[in-house]
Amino acid sequence: MSLSGKTAVITGSNSGIGLGIAREMAKAGADVVLNSYSDRDEDHALAADIASEFGVNARYIGADMSKADDCRRLITDAGTCDILINNAGIQHVAPIDEFPTAKWDAIIAINMSSAFHTTAAALPMMRDAGWGRVVNIASAHGLTASPFKSAYVAAKHGIVGMTKVVALETAQEPITANAICPGYVLTPLVEAQIPNTMKEYDMSREDVVKNVLLKRQPSKEFATVEQLGGTVNFLCSDAAAQITGTTISVDGGWTAL
Ligand code: NAD
């Protein structure tokens, strides 16, 4: 399958899943626009590396997905957006009565509201181009809950709901909108949760991985960024043209439990 001639904008893609998706899409021939809130030489170098490795156009655009204007500017600066991957996300873990309001606001803004703003800006471009794909990176936590993750679970359920609305509003156009719901993927976001959990439960790293992180993942394996990129590419293929308004779990069986 070739994504040659298509431009993909991937939010939050200087690390982890977003970067992995960008690489898989570039491998399939797409031009890619990388993003995060920073604007460092190494961010732009990531795009240059993808361009030289896969022979596609790749750019990095700094824009803060916690800010509505930046979300919309990312899409207008990209100039064209055939495929929009809403991936930027952060996490904070605390009981609800101790959950800092600022963290709640940031998680709702970055993990959910950013997708509203980018989608609103990108849909007219997709309509002009006569083809489009919106893929929202939700989570198993978009379908189930865990304690201490109130903002994250609320934002991820919210983005699954918004995905369905986008699908209905574009149902009679050659545009689809879907959400991918990964289980645990070993990225910096997950790595950052390991030391606190080791301390909290007085456990080794191996025990945290097996008995805490992968407790609800029956395969007992992390999903990989390459698998998520492959799932995105499938959703961009002709075979997926009638798949819209739904979720695809890449979670080693988590949501089957
Ligand atoms: P990560 O921390 O490696 O990557 C997050 C990306 O978002 C980074 O590029 C970061 O710079 C960017 N980002 C953060 N704040 C931003 C902001 N204000 N503006 C623009 N970009 C910003 O984490 P990840 O694990 O790759 O997570 C990517 C997405 O996948 C998130 O939405 C996350 O909720 C989701 N997810 C991750 C897992 C997992 O196990 N890793 C599981 C399910 C869902």
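These numbers were taken from a predicted model, which means no experiment stands behind them. (Residues numbered from 1 in each chain as written. Predicted model: local features only at pLDDT ≥ 70, side-chain atom pairs only at ≥ 80, totals over all residues. Heavy atoms only, no water.)

A. Expanded view of the site of the ligand. Every one of the 31 residues lining the ligand counts as a neighbour, but Asn 14, Ser 36, Tyr 152, Val 185 and Thr 187 are closest to it. In the model, an oxygen atom of the ligand is placed 2.9 Å from a nitrogen or oxygen of the Lys 156 side chain. Within the side chain of Thr 187, a nitrogen or oxygen atom sits 2.4 Å from an oxygen atom of the ligand. For the ligand, the accessible surface in isolation is 820 Å², of which the surrounding protein chains cover 93%. Looking at the shell around the ligand, the elements with two or more residues in it are α1 (16-27), β2 (31-36), α5 (150-169) and α6 (188-191). Of the residues belonging to the shell around the ligand, the class tally is 16 nonpolar, 13 polar and 2 charged. Two domains each put at least three residues into the shell around the ligand: domain 1 (7-185 + 223-256) and domain 2 (187-220). (Near = heavy atom within 4 Å. Polar contact = N/O pair within 3.5 Å; in protein donor to acceptor, adjacent residues only side chain to side chain. Areas by Shrake-Rupley, 256 points an atom, 1.4 Å probe, with all protein chains shown as cover. Helix = DSSP H or I, 4+ residues; strand = E, 2+ residues; numbered from the N terminus. Nonpolar A, V, L, I, M, F, W, Y, C, P; charged D, E, K, R; others polar. Domains from an automatic or database assignment.)

B. Region of the structure containing the side chain of Gln 217. Note on placement: Gln 217 falls in the loop between α8 (205-212) and α9 (225-235). A polar atom in the side chain of Gln 217 sits 2.8 Å from the backbone oxygen of Glu 221.

C. Spatial organisation of the nonpolar core. Counting residues in hydrophobic clusters, the biggest one holds 33 residues, and the most contacted among them are Met 25, Val 32, Ile 50 and Ile 85. Counting residues in each nonpolar core, the second largest holds 30 residues, with Ile 61, Ala 78, Ala 122 and Val 166 among its members. (Core = buried A, V, L, I, M, F, W, Y, C linked by side-chain atoms within 4.5 Å. Buried < 20%, exposed > 50% of the residue type's maximum accessible area, 1.4 Å probe, protein only.)

D. How the structure looks around the side chain of Ser 237. Among the structural elements, Ser 237 can be located in the loop between α9 and β7 (247-250). For Ser 237, a relative accessible area of 9% gives the class buried. Polar contacts involving the side chain of Ser 237 include one to the main-chain carbonyl oxygen of Phe 234, which spans 2.6 Å. Other than its neighbours up to four places away in sequence, Ser 237 contacts Met 1 and Arg 133. (Contact = heavy atoms within 4.5 Å.)

E. Spatial organisation of the state of the cysteines. Counted by the stated rule, this structure contains 0 disulfides. With no disulfide of its own, Cys 71 lies 13 Å from the sulfur of Cys 81, the closest cysteine sulfur. Residue Cys 81 stays outside any disulfide, its sulfur separated by 11 Å from that of Cys 236, the closest cysteine. A relative accessible area of 1% means that Cys 81 is categorised as buried. (Disulfide = S-S within 2.5 Å.)

F. Highlighting the packing of aromatic side chains. Under the defined criterion, the tally for this structure stands at 1 aromatic pair. Ring geometry for Tyr 184 and Trp 254: centres 5.7 Å apart, planes at 25°, overall stacked. In this pair, Tyr 184 is assigned in the loop between β6 (175-182) and α6 and Trp 254 in the segment after β7, connecting sequence segments 70 residues apart. Exposure remark for Tyr 184: the relative accessible area of 11% places this residue in the buried category. Take Trp 254: its relative accessible area is 5%, and that puts it in the buried class. A cation over a ring is seen here: Lys 6 above Trp 131, with NZ or CZ 4.1 Å from the ring centre. (Phe/Tyr/Trp six-rings, centres within 6.5 Å; stacked < 30°, edge-to-face > 60°. Lys NZ or Arg CZ within 6 Å of the ring centre and 35° of its normal.)

G. Expanded view of a positive patch on the surface. On the surface, Lys 210, Lys 215, Arg 216 and Lys 220 cluster together to form a positively charged patch. Inspection of the secondary structure puts Lys 220 in the loop between α8 and α9. (Patch = residues over 30% accessible without salt bridge, like charges linked within 9 Å, V, L, I, M, F, W, Y side chains within 5 Å. Salt bridge = Lys/Arg side-chain N within 4 Å of Asp/Glu carboxyl O. Lys, Arg positive; Asp, Glu negative; His and termini not counted. Charge placed at Lys NZ, Arg CZ, Asp CG, Glu CD.)

H. Inspection of the sheet that holds β6 at higher detail. Strand order in the open sheet formed by 7 strands is β3-β2-β1-β4-β5-β6-β7, with parallel pairing between adjacent strands. Both edges of this open sheet fall to β3 (58-62) and β7, since each of them pairs with a single strand only. Across this sheet, the average inter-strand angle for adjacent strands is 20°, counted without regard to direction. As paired strands, strand β4 (residues 83-86) and strand β5 (residues 132-137) are joined by 4 bridges and run parallel to one another. Looking across to β5, one finds that Ile 83 is bridged to Arg 133. On the sheet, α1 packs against β1 (7-10), β2, β4 and β5 and is oriented at approximately 170° with respect to β2. Along the sheet, α9 makes contact with β4, β5, β6 and β7, crossing β6 at roughly 160°. (Pairing = 2+ DSSP bridges. Axes fitted to C-alpha atoms, helices over the stretch in contact; angles between N-to-C directions.)

I. A look at the pattern of salt bridges. Applying the stated criterion to the full structure yields 9 salt bridges. Residue Arg 127 pairs with Glu 173 through a salt bridge whose shortest N-O separation is 2.7 Å. With a gap of 46 residues between them, Arg 127 in helix α4 (residues 101-129) and Glu 173 in the loop between α5 and β6 connect regions that are remote in the sequence. Taking relative accessible area as the criterion, Arg 127 reaches 38% and is therefore assigned partly exposed.

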